[in-house]
Amino acid sequence: MKKAEIRNQKSEVRATHFPASENSHFGRPHRTRSHFLSFLCTLALAASAQAATLEGRVFDPSGGRVAGARVTLLRSFAPLAESQTDAQGQFEFRDLRAGAYSIVANAPGFSASQTRVELRAAGTERVDLRLAPSAVEERVVVAASLGGSLATQVGSSVTVVDKNEIENRDAQNLFEALRGVPGVEVSQTGRRGGFTGVFIRGGNTNYNLVLLDGIPLNEFGIDFDLSSLPADGVDEVEVARGPLSALYGSNAVAGVVNILSRPAEGSPHFSALGEGGSFGTWRAATGGSGVTRGLGWSYDLSRLDSDGVVRNDDYRDQSAFLTLALARNPRREFHFHFFGDASSSGAPGPFGSDPDHLFSGLDTVSRSKRNLFGYGWNYSEEISPRFREVVTGTLSTNDYYFISPFGDSFSNNQRAMVNEQSQITVSPKDFLVAGIEWDLEQVRDTFFADATGAPFLLPRSTWAYFAENRWNPVTRLFVTTGVRADSIRTRSLPPDQFGARPLLPASSVTQVDPRISVAYMLRESDGSRLGAMRLHSSFGTGIRAPNGFELAFTNNPRLKPERSVSFDGGAEQRLFRSRAALDATYFYNRFEDQIVVLGGSLTNLSTFSSANLGNSRAQGLEVSLQAQPSRALHFVGEYTLLATRLLAVNGATAALAPFQVGQPLVRRPRNSGFFGLTYAYRRLTLNTTATFRGHTLDIEPNFGTFACEPPPAGPGLPCLFQDKGYQLLGAGFSYRLSRGIEIYGRANNLLNQKYEESFGFPALHFNFLTGVRLNFPVE
């Protein structure tokens, strides 16, 4: 999705000459060179003269001009460029080819229907767009299709949490904004800095791919800890639910979390904030974005500190975003992204629920330090009106260092990716994307040691070939099909120092993942009560390649990726002229060949082994309601009914102890929900949120399932427990003073609930924050 402001630039002409001798039949070399340069200049000027311009204004329902509205230009199914209206509500796209385009506009709580426009060569077309109150924005999403597509044309389930919603909740960390997404359960072990993962539609936390500006952040074959990702600098988060390995390969088993940072566009503007609150917590951040002499830029710097509630519970996080964008016209763009994060947090241990009485007291020594960096670049070139080439490269590093009274440890993860896509407009109703991708991920860990006891580097490479076709056979029907073939190659593993793992040869496995999604506009009319109705459905498969632990502690050279087969289907009904939208979606996931760890004990790690034996199932219903009853009031609510079930292992009728067939999966509530209400009138904004979660099955927090093992492997105590449910209520406000100054505050856990998202790790009791935000120049 293009995030750069389009600026009119003169064509750049490179002087090229042919070496010629005096006897050359081309004649005089200098004159030939001069003629050739003249010819190139003529071509460039002719192309520039044929370029078209699209301009216009965006109005609100009362006829006032809207500044800061997001305007998206599309050709066929693909987004071509995106811009923001200026202070007079005007937008402009220049240097466009002649042809048919579509344009949509959005502002918080308002949207304009898709408008088609025909551009003529060397012509200027003016289109004025009028926004209407709408609970659903006609926005482009990029997580569920290659190249991006309008959300209404995608059959997959995608929820977008934008910057306004993040600010209205006064979120300090990004994961706080994910709590209201249907089908998503956020679980944090403790407070700030504790491991934080998300369960999407009953899948494991390592079944989700996390992207930041297109940079994959997952560690080697496992999940991504969201605890340190800041909310500052984030423009929006897309959560696509359902398997998307047909687009992204490994880890996209249950869904994709796609994070987009502040876009590099508009006139230069800056912001800053400072806040403080309970438990010695304070946060400071600054950021800005704009376009200067054709170069788009944006940045954000932030720091969050907290003393915690017990000894060794302190937390510190520093982060930075940077984006540079160069776009001479919509046909040629270059983007560079950087993200850096350094965090340090104490680990006092599970000082909450302790039914087995195994907690030995607060750990005042253990501490986790993490350094995360991501780099990405993207270049796109429109070769012709029907053909665009896109090349992307990324590099991410995720390094942990853990201090413990039992000995320090580390884990260093690196991941590199190069992706090439060819985007072809086959016809106005048929859009094809095909390409190739190379991935390299590697890990070095204290516990992955060779025969000498030294940690070794474990690399894995993947070559992938993929294609996706978006087809609009009739006016109201949109069909998206895709397939991806991944060839995953793992290097040989050396023998370990215990003799439990022999030399394992290099292995290679090929996995093919298909996907299809369908969206059908059953009714397009926007009546006074029943408006447009959209049916949507998707089917696909997903994979997760083994992680470093599963590989390093196995004697199975044929360890395969875990797999999923999933289906969903639902309907979205708009009501009262799109002032409300109700969506209900049923989903079914079957997880197969799940890797289980066999044997082992607390004192003898060398007896571990792993195999593809596990199976499980998750199905349920997601219901969401969005409403914009008036210009000042916005409501969002969701409820998820989730039924998970542990199935028998391959070749048997039972599950692995201590679990039983038919048990629900750990930390997956059967019932969960959320609602948020925002009232904005002139300078005042009020916001309230409520979250509820039913009880879950969880494990003993000190020894885990080892607590069930009889001596000497474990203490021989119960290890599975019920974690009770909870209800959370929060409220906040903001008030804009003069000269771009805004004050705000929020109270969380107003009912002072004593609860644990993860069994044994208490969450924060009642807490508050208050701060001031500055924007300049004044909006």
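Residues numbered from 1 in each chain as written. Predicted model: local features only at pLDDT ≥ 70, side-chain atom pairs only at ≥ 80, totals over all residues. Heavy atoms only, no water.

> Summarise the overall build of the protein; cite the residues concerned and give the values.
Looking only at helices and strands, one finds four helices and 42 strands in the protein. Against the 2.2 N^0.38 benchmark of 28 Å for 779 residues, the protein shows a C-alpha radius of gyration of 27 Å, consistent with a compact globule. Reported as C-alpha extents along the three principal axes, the dimensions of the protein are approximately 90 × 75 × 45 Å. Across the 779 residues of the protein, 54% fall into the buried class. (Helix = DSSP H or I, 4+ residues; strand = E, 2+ residues; numbered from the N terminus. Rg over C-alpha atoms; globule rule 2.2 N^0.38 Å. Buried < 20%, exposed > 50% of the residue type's maximum accessible area, 1.4 Å probe, protein only.)

> So what's going on with the nonpolar core? Residues and values would help.
Residues I166, L226, L229, V237 and I259 are the most contacted members of the largest nonpolar core, which totals 35 residues. Listing elements by their share of this core, those giving two or more residues are strand 13 (184–188), strand 14 (196–200), strand 15 (208–212), strand 17 (234–241), strand 18 (255–261) and strand 33 (580–599). Of the residues forming this core, the biggest block, three residues, is contributed by strand 17. Ignoring any residue separated from it by four or fewer positions in sequence, one finds I259 in contact with L174, V210, L211, L212, D213, L229, V234, E236 and V237. Membership of the second largest hydrophobic core comes to 23 residues, among which are L54, L80, Y101 and V127. (Core = buried A, V, L, I, M, F, W, Y, C linked by side-chain atoms within 4.5 Å. Contact = heavy atoms within 4.5 Å.)

> Hey, could you go over the environment of A143 for me, with residue numbers and the actual values?
Within the fold, A143 resides in the loop between strand 10 (140–141) and strand 11 (149–150). Along the chain, A143 and V512 lie 369 residues apart, while their C-alpha atoms are 20 Å from each other. The contacts of A143, once residues within four sequence positions are left out, are E238, A240, L244, L247, Y248 and N258.

> Any details on the sheet that holds strand 12 (residues 157–162)? Residues and values, ideally.
The strand order 12-17-18-15-16 describes an open sheet built from five strands, whose pairing is mixed. Taken across any chain shown, the strands that pair with only one partner, and hence form the sheet edges, are strand 12 and strand 16 (215–216). Pairing between strand 17 and strand 18: seven bridges, direction antiparallel. Directly across from V234, in strand 18, lies its bridge partner S261. (Pairing = 2+ DSSP bridges.)

> Any details on the state of the cysteines? Residues and values, ideally.
Disulfide: a covalent bond connecting the sulfur atoms of a pair of cysteines. Summed over the entire model, instances satisfying the criterion amount to one disulfide. Two residues share a disulfide in this structure: C708 and C719, whose sulfurs sit 1.9 Å from each other. Its S-S torsion of approximately -100° makes the covalent link between C708 and C719 left-handed. With C708 in the loop between strand 38 (696–699) and strand 39 (720–723) and C719 in the loop between strand 38 and strand 39, this pair connects stretches of sequence that are 11 residues apart. (Disulfide = S-S within 2.5 Å.)

> Tell me about unusual backbone geometry, and name the residues and values.
Here A657 and P658 are connected by a cis peptide whose omega angle stands at 10°. Examined against the element boundaries, P658 turns out to sit in the loop between strand 35 (633–646) and strand 36 (671–681). In the segment running from P711 into P712, the intervening peptide bond is cis, with an omega of 5°. Mapped onto the elements of the fold, P712 is located in the loop between strand 38 and strand 39. At R667, a residue that is not glycine, the phi angle is positive and equals roughly 65°.

> A description of the sheet that holds strand 3 (residues 78–84) should follow, citing residues and the corresponding values.
Paired through their backbone hydrogen bonds, the strands of a sheet run either parallel or antiparallel. Spatially, five strands are ordered 3-2-5-6-9 in an open sheet, and the strand pairing comes out antiparallel. Among the strands making up the open sheet, the edge pair consists of strand 3 and strand 9 (132–133). By the bridge criterion, eight bridges tie strand 5 (residues 99–107) to strand 6 (residues 110–119) in an arrangement that is antiparallel. For A107, the partnering residue across the bridge sits in strand 6 and is F110.

> Residue-level account of the pattern of salt bridges, with values.
Applying the stated rule across the entire model yields 45 salt bridges. Between E382 and R97 there is a salt bridge; the shortest N-O distance is 2.5 Å. You can see E382 sitting in strand 24 (residues 367–384) and its partner R97 sitting in the loop between strand 4 (90–96) and strand 5, a full 285 residues away along the chain. With a relative accessible area of 5%, E382 lands in the buried category. Taken together, the shared-partner salt bridges connect K560, R563, R590, E592 and D593 into one network. (Salt bridge = Lys/Arg side-chain N within 4 Å of Asp/Glu carboxyl O.)

> So what's going on with the side chain of D317? Residues and values would help.
By the element assignment, D317 lies in strand 22 (residues 315–329). Here D317 occupies a buried position and makes no salt bridge, while the nearest side chain of opposite charge, R370, is found at 7.1 Å. Those residues in contact with D317 that lie beyond four places of it in its chain are S228, S302, R303, L304, D305, D341, A342 and S343. (Lys, Arg positive; Asp, Glu negative; His and termini not counted.)

> Outline the pairing of strand 15, listing residues and values.
Put simply, side chains in a regular strand alternate between the two faces of the sheet. With five of five residues buried, strand 15 lies mostly within the body of the structure. A two-sided burial pattern is seen for strand 15, the buried positions comprising N208, V210 and L212 on one face and L209 and L211 on the other. Bridging between strand 15 and strand 18 involves five bridges; their strand directions are parallel. Each bridged residue has a counterpart across the sheet, and for N208 the counterpart in strand 18 is G255. Direction of pairing for strand 15 relative to strand 16: antiparallel, over a ladder of two bridges.

> Hey, could you go over a nonpolar patch on the surface for me, with residue numbers and the actual values?
A cluster of nonpolar side chains, namely Y679, Y681, L686, F733, Y735, L737, I741, I743, V772, L774 and F776, defines an oily patch on the protein surface of about 880 Å² accessible area. Among the elements of the structure, strand 36, strand 40 (726–736), strand 41 (741–748) and strand 42 (767–776) are those that each provide at least two residues to the nonpolar patch. Ranked by residues supplied to the nonpolar patch, first place goes to strand 42 with three residues. We classify I741 as partly exposed; its relative accessible area is 30%. (Patch = residues over 30% accessible without salt bridge, like charges linked within 9 Å, V, L, I, M, F, W, Y side chains within 5 Å. Areas by Shrake-Rupley, 256 points an atom, 1.4 Å probe, with all protein chains shown as cover.)

> Please give an account of the side chain of T205 that cites residues and values.
In this fold, T205 is placed in the loop between strand 14 and strand 15. Residue T205 is classed as buried on the basis of its relative accessible area, which comes to 17%. Here D223 takes part through its side chain, which lies 2.8 Å from a polar atom of the side chain of T205. Filtering out sequence-adjacent residues up to four positions away, T205 remains in contact with G197, V198, F199 and D223. (Polar contact = N/O pair within 3.5 Å; in protein donor to acceptor, adjacent residues only side chain to side chain.)

> An account of the packing of aromatic side chains is needed here, citing residue identities and associated values.
According to the stated counting rule, one finds 12 aromatic pairs in the structure shown. With a centroid separation of 6.1 Å and 55° between ring planes, the pair formed by F91 and F93 is classed as tilted. F93 sits in the buried class, given a relative accessible area of 0%. A centroid spacing of 6.2 Å and a plane angle of 20° characterise the contact between F635 and F675, whose relative ring orientation is stacked. (Phe/Tyr/Trp six-rings, centres within 6.5 Å; stacked < 30°, edge-to-face > 60°.)

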